[in-house]
Amino acid sequence: MPLSTFHSFLHNLHPKQFFLFLSPGGFAEPAVPKPELIFTPLSESHVQAAVICSKELDIHMRVRSGGHDFEGVSYVSIIESPFIVLDLTNLRSISVNINDDSAWVQVGATLGELYYRIAEKSKVHGFPAGIWPTVGVGGHITGGGYGILLRKYGLAADNVIDAHIVDVHGRVLDRAAMGEDLFWAIRGGGGGSFGVILSWKIKLVAVPETVTVFSVTKTLDTKLLYRWQQVADKLDENLLTRVLMRVTNTSERIVTTTYDGYFLGGADRLVQVMQESFPELGLTRKDYSETSWIQSNLFAYPLPLNTSLEFLLLRNTPSTSFEGKADFVREPIPEFALEELRKRISEEDDPLIIWTAYGRMMNRIPEYETPFPHRKGTMYKSHYFTNWPKGDKNVATHMSWIRSLYNYMTPYVSKFPRGAYVNYRDLDLGINKKDNTSVIQASVWGVKYFKGNFQRLVKVKTEVDPENFFRHEQSIPPLVLKR
Ligand SMILES: Cc1cc2nc3c(=O)[nH]c(=O)nc-3n(C[C@H](O)[C@H](O)[C@H](O)COP(=O)(O)OP(=O)(O)OC[C@H]3O[C@@H](n4cnc5c(N)ncnc54)[C@H](O)[C@@H]3O)c2cc1C
């Protein structure tokens, strides 16, 4: 493996302009396969050089922006070794143009940085992306990207106007140059399959100066939870609600539900909306707090409303280990199944189930508009988590708990196919084989993530990267591998 050649090749192209790290802290666990090299470009031309060199030297490359992939496919390869990582963390400039409601953002920027830079320029502009501030803009938008503006404006990927991408030949292409098929594929078809996105041009959306939030925690009441399922996707489009289920860390192991809400408007109007649509939750004016849109993102994280906005600029990553899975729910889950769900939650050390309401704009955007298909008729997304501290000896028990819960939920969630969210990557759904990636095998997980859009993604992949240079455990395969 001529890695030394790669090293000197890059040195010759860009002397003293790249960083080289070997086995940094993120790869501390002995069982985790280590990259031979992590290349952190300082300019976009370095990305072109990395693609050209890796291809020429036949070195397998992983692409990482914020590093939040649920299965770590941006920096760990379990199917192929040796490999290198192209880490885009230094490409993080953000240029906000309030005059035409747009911004160019490089992929190494985090969502927190993006929100902060938008808020610096305007209190009445926002962007409909995720809640967690350290998530990278690069990977996030390639998989869809949802947050508290979901019901009003859709996903982050629904609000992209242009992009710059380095293709497999090392060329930088904008929307016009890449064509509408590739531009379609990169907005929801999952990262690491089509090229290296350098930056996105995004459409900023209107938010009011006052946003109202609430968060109430109650012991899980199956009747109330059932009622939430009936109303959540039909509420006013300015209101997004979620339910977070956890277990108290006491000997009683009580399962609680936190109902939280984000309303684009003032508290007086929210009182009316909730009174008309969901009085069973029993909220009154004193449960509501008025704040700004940017601060409401921190509240969703969750942090107190007086948290400094500088928090959004921190680039620390989650420090616990976790496993996550997702479902889309189209019919209310009956009360007896909610009772069983409660029992199962109480049996795990540190579980978290999050239900996020869909409806409104998510119903209006057609299923084929972008690769993300879980739109009309989805009432809410259900997200299952189990967390454990690093070094925990019971990982197998945690994995078995979440797999068993996922199996239990089968009759109550979307079917034919059972939907999954590519941004919550789940290798339990299936893994590509090295050098033998068959479309039929990949369609097992591909159809869950993309439904009928999977075939079009394969077509685009076959056109732009027939030799499958950009690949990982769940990348889109070309129809026939040309090598
Ligand atoms: C703690 C946490 C909170 C989260 N919260 C939310 C949320 O609120 N809403 C939501 O929708 N999702 C959320 N996610 C999921 C998140 O959106 C995805 O994991 C997303 O892919 C992360 O992007 P990244 O750049 O940080 O990750 P990375 O690990 O860097 O990349 C993810 C994938 O995209 C590819 N990729 C990365 N950069 C590029 C690029 N420049 N060009 C091409 N491919 C690229 C990678 O190869 C990999 O396949 C969360 C994840 C975590 C861990």
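Throughout this description, residue numbers start from 1 for each chain and increase along the sequence as written. Since the coordinates come from a predicted model, pLDDT governs what is reported: local features require at least 70, and pairs of side-chain atoms require 80 or more to be given and counted, while whole-chain, interface and lining totals use all residues. Each side-chain value is derived from all of the structure's non-hydrogen atoms; neither hydrogens nor water enter the calculation.

With an unreviewed UniProt entry as reference, the protein is termed FAD-binding PCMH-type domain-containing protein, source organism Acer yangbiense. Taken verbatim from the UniProt record of the protein, the Cofactor (unreviewed entry) comment is "FAD". UniProt positions are given in the numbering used here, feature names are shortened, and annotations may be inferred rather than shown by experiment. Per UniProt, the protein carries the Sequence similarities (unreviewed entry) text "Belongs to the oxygen-dependent FAD-linked oxidoreductase family."

Asks: Help me out: how do you make sense of the site of the ligand in this one?
Replies: The cutoff for a nearby residue is simple: one of its non-hydrogen atoms must lie within 4 Å of the molecule or strand. Neighbouring the ligand are 34 residues, the closest being Val63, Ser65, Ser74, His140 and Tyr421. By the criterion applied in these results, polar contacts are pairs of N or O atoms within 3.5 Å in which, for protein atoms, one can donate a hydrogen and the other can accept it, and in which residues neighboring in sequence qualify only through two side-chain atoms. At a separation of 2.9 Å, an oxygen atom of the ligand approaches a polar backbone atom of glycine 66. One of the backbone nitrogen or oxygen atoms of glycine 192 is found 3.0 Å away from a nitrogen atom of the ligand. The protein chains shown are the only cover counted for residues, whose accessible areas, like all others here, come from Shrake-Rupley with a 1.4 Å probe. Isolated, the ligand exposes 950 Å² of accessible area, and the fraction of that covered by the protein chains is 96%. Only DSSP runs of H or I with at least four residues qualify as helices, and only runs of E with at least two residues qualify as strands; both kinds are numbered from the N terminus onward. Mapped by element, the contributors of at least two residues to the shell around the ligand are strand S3 (60-64), helix H4 (137-143) and strand S10 (196-203). For the shell around the ligand, the leading source of residues is H4, giving three residues. Three residue categories are used. Nonpolar comprises Ala, Val, Leu, Ile, Met, Phe, Trp, Tyr, Cys and Pro, charged comprises Asp, Glu, Lys and Arg, and polar comprises the others, including Gly. Taken together, the residues that form the shell around the ligand break down as 15 nonpolar, 16 polar and three charged.

Asks: Whenever I open this one, the domain arrangement of the protein confuses me. Can you help?
Replies: One frequent convention defines the size of an interface as the accessible area lost when the parts assemble. Each domain's extent is set by a domain assignment, obtained either automatically or from a database. As far as domains go, the protein holds domain 1 (3-87), domain 2 (94-206) and domain 3 (211-291 + 318-417). Contact criterion: two residues are considered in contact whenever any of their non-hydrogen atoms come within 4.5 Å of each other. Across the contact, 12 residues belong to domain 1 and 18 residues belong to domain 2. Note on terms: buried area is the combined drop in 1.4 Å-probe accessible area of two parts once they are placed together, counting the loss on both. The contact between domain 1 and domain 2 buries some 1,100 Å² in all, and 65% of this surface belongs to carbon and sulfur atoms. Per-residue buried area on domain 1 facing domain 2 is highest for Glu44, Ser65 and His68; these three make up 44% of the total on that side.

Asks: What is the right way to look at the sheet that holds strand S12 (residues 211-219) in this model?
Replies: Strand pairing in a sheet is mediated by backbone hydrogen bonds. Such pairs are either parallel or antiparallel. Strands pair, by our definition, only if DSSP identifies at least two bridges between them. Ordered by their spatial adjacency, seven strands build an open sheet running S15-S12-S14-S13-S17-S18-S16, and the pairing between neighbours is antiparallel. This sheet does not close on itself; its edge strands, each paired only once, are strand S15 (289-291) and strand S16 (321-329). Direction aside, neighbouring strands of the sheet carry axes that sit 20 degrees apart on average. With nine bridges connecting them, S16 and strand S18 (residues 380-388) associate as antiparallel partners. Residue pairing for S18: lysine 325 is matched across the bridge by tyrosine 384. Each axis is a line fitted through C-alpha atoms, taken for helices only over the stretch in contact, and angles between the N-to-C directions span 0 to 180 degrees. Sheet contacts for helix H11 (residues 335-346): strand S13 (239-247), strand S14 (255-263) and strand S17 (351-357); angle to S13, the most-contacted strand, approximately 55 degrees. Those strands touched by helix H13 (residues 395-409) are S16, S17 and S18, and its axis lies near 165 degrees from that of S18.

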